[in-house]
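The lines below spell out each chain.
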Amino acid sequence: MGSFSIWHWLILLIIFSPIILGGLILGFQKKVLIKHAPSGLIKNGYVGWSWTYFFFGWLVPIFRGEIGVGVLHLVLTFFTCGIFQIVMSFLYNKQFMTRMLTNGWVLADTEEKNNFAKLKLRMVSV
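Residues numbered from 1 in each chain as written. Predicted model: local features only at pLDDT ≥ 70, side-chain atom pairs only at ≥ 80, totals over all residues. Heavy atoms only, no water.

*Asks:* Honestly, the sheet that holds strand β2 (residues 42–47) in this entry has me stumped. Any pointers?
*Replies:* Adjacent strands of a sheet pair through backbone hydrogen bonds, lying either parallel or antiparallel. Spatially, β2-β1-β3 is the arrangement adopted by the 3 strands of the open sheet, whose pairing is antiparallel. Taken across any chain shown, the strands that pair with only one partner, and hence form the sheet edges, are β2 and β3 (105–107). When the angles between neighbouring strand axes are averaged without regard to direction, this sheet yields 45 degrees. Taken together, the 6 bridges between strand β1 (residues 30–36) and β2 define a ladder with antiparallel strand orientation. Residue pairing for β2: valine 32 is matched across the bridge by glycine 45. Packed on one face of the sheet, helix α5 (residues 83–101) meets β1, β2 and β3 and runs near 140 degrees to β2. On the sheet, helix α6 (residues 111–121) packs against β1, β2 and β3 and is oriented at approximately 100 degrees with respect to β1. (Pairing = 2+ DSSP bridges. Helix = DSSP H or I, 4+ residues; strand = E, 2+ residues; numbered from the N terminus. Axes fitted to C-alpha atoms, helices over the stretch in contact; angles between N-to-C directions. Contact = heavy atoms within 4.5 Å.)

Laid out in structure tokens, this is it:
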């Protein structure tokens, strides 16, 4: 009774597979500062696999100020019985940063972090 069987390990592997795959494929979530060029506002941006989205789902866009996106994600998570939330944990940070960087925000962290973000976002330097 006190030991884990192969089935217990298999169930744990299935439960944690999105976290393992996200970390291996995209790397874990890293913070990078972004600045709104016209106003000078600074906020946190993120690159990599979104563990926050994996655990908190549609609340992440709400807390990042994207109310419409959050409501849409809530509806899609409901209609897909949570599958959407797992898939979006792989996509959300890149989509969020793309929206920010195409709306007047620029990378404003150290050169090392900016280069890392450019690599993860597949940005081409001109």
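*Asks:* Quick question: what am I supposed to make of helix α1 (residues 6–25) here?
*Replies:* For the α-helix, the turn length of 3.6 residues means that residues three or four positions removed from each other point alike. The largest bend along α1 reaches roughly 55 degrees and is located at phenylalanine 16, with the proline proline 18 sitting one to four residues downstream. Buried residues along α1 sit against α2 (51–56) and α5. One or two positions beyond α1, positive phi appears at glycine 27, with a value near 80 degrees. (Bend = angle between axes of the 7 residues up to and from the residue.)

*Asks:* How should the packing of aromatic side chains be read in this particular structure?
*Replies:* In this description, a pair of aromatic rings is defined by centroid distance and the angle of the planes. Going through the model one piece at a time under the given rule, you end up with 7 aromatic pairs. Pairing tryptophan 49 with phenylalanine 54 gives two aromatic rings, centres 5.6 Å apart and planes at 45 degrees, and the pair type is tilted. Each member of the pair tryptophan 49 and phenylalanine 54 is classed as buried. Site record: aromatic cluster; members linked through ring pairs are Phe28, Trp49, Phe54, Phe55 and Phe90. (Phe/Tyr/Trp six-rings, centres within 6.5 Å; stacked < 30°, edge-to-face > 60°. Buried < 20%, exposed > 50% of the residue type's maximum accessible area, 1.4 Å probe, protein only.)

*Asks:* Explanation requested: α5 in the structure shown.
*Replies:* Along its 19 residues, α5 runs 28 Å from first to last C-alpha, staying within 8% of the 27 Å computed at 1.5 Å per residue. The principal kink in α5, of about 50 degrees, is found at serine 89. For α5, the set of buried residues is Phe84, Gln85, Met88, Ser89, Tyr92, Asn93, Phe96, Met97 and Met100. (Expected span 1.5 Å × (residues − 1).)

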